[in-house]
Amino acid sequence: HTTPILQYLKQHGQLADWEIAAAMDIPLSNVRSSLTDLSARGEISRCSVTRFTDGKLVEGMLCRVAGTIPPKAPGRKPAP
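These numbers were taken from a predicted model, which means no experiment stands behind them.

*Asks:* Could you give me a rundown of the sheet that holds strand S2 (residues 44-53), with the residues and numbers involved?
*Replies:* Strand order in this open sheet of 3 strands is S1-S3-S2, and the pairing throughout is antiparallel. Unpaired on one side and paired on the other, strand S1 (15-16) and S2 mark the two borders of the sheet. Sitting on the sheet, helix H1 (residues 4-12) is in contact with S1, S2 and strand S3 (56-65), with an inclination near 85° to S3.

Okay, here's the thing in structure tokens:
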């Protein structure tokens, strides 16, 4: 069954857990719990990500629907 978070990822592509929480107005702890369940079921791919916001360490998860590949970055590519 498709959860609202999975549906959101299908519509918006790869996102971090804090971005999903802010956009859907859901507490971050609930989003992380749901993402953990979705990952255990093989519905999404996720990895840990660390960033610094105003000098403060913020850890989270970067998630996308399983089996999807993010689009290539624009610009020139290295020659083979």
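*Asks:* I'd love a proper account of the side chain of threonine 3, names of residues and values included.
*Replies:* With respect to the element layout, threonine 3 can be found in the segment before H1. The residues touching threonine 3, leaving out its near neighbours within four places in the chain, are Ser34, Leu38 and Arg41.

*Asks:* Pulling in residues and values, what's your account of helix H3 (residues 28-40)?
*Replies:* Here H3 contains 13 residues, and its C-alpha end-to-end distance of 18 Å stays within 8% of the 18 Å for a straight helix at 1.5 Å per residue. Buried within H3 we find Val31, Ser34, Leu35 and Leu38. Along H3, the residues classed as buried sweep out an arc of 100° about the axis, all on the same side. Counted as exposed and oriented over 90 degrees from the buried face of H3: Ser29 and Ala40. Tucked into the core, H3 has its buried residues touching H1, helix H2 (17-24), S2 and S3.

*Asks:* Account for the pairing of S2, naming residues and giving values.
*Replies:* Two elements, S2 and S3, share 10 bridges in a ladder whose sense is antiparallel. Paired with valine 49 across the two strands is glycine 60, which belongs to S3. Counting the residues in the hairpin turn of S2 and S3 gives 2 residues, including aspartate 54, whose phi is positive at 50°.

Criteria and thresholds
Residues numbered from 1 in each chain as written. Predicted model: local features only at pLDDT ≥ 70, side-chain atom pairs only at ≥ 80, totals over all residues. Heavy atoms only, no water. Pairing = 2+ DSSP bridges. Helix = DSSP H or I, 4+ residues; strand = E, 2+ residues; numbered from the N terminus. Contact = heavy atoms within 4.5 Å. Axes fitted to C-alpha atoms, helices over the stretch in contact; angles between N-to-C directions. Expected span 1.5 Å × (residues − 1). Buried < 20%, exposed > 50% of the residue type's maximum accessible area, 1.4 Å probe, protein only. Arc of directions from axis to C-beta.

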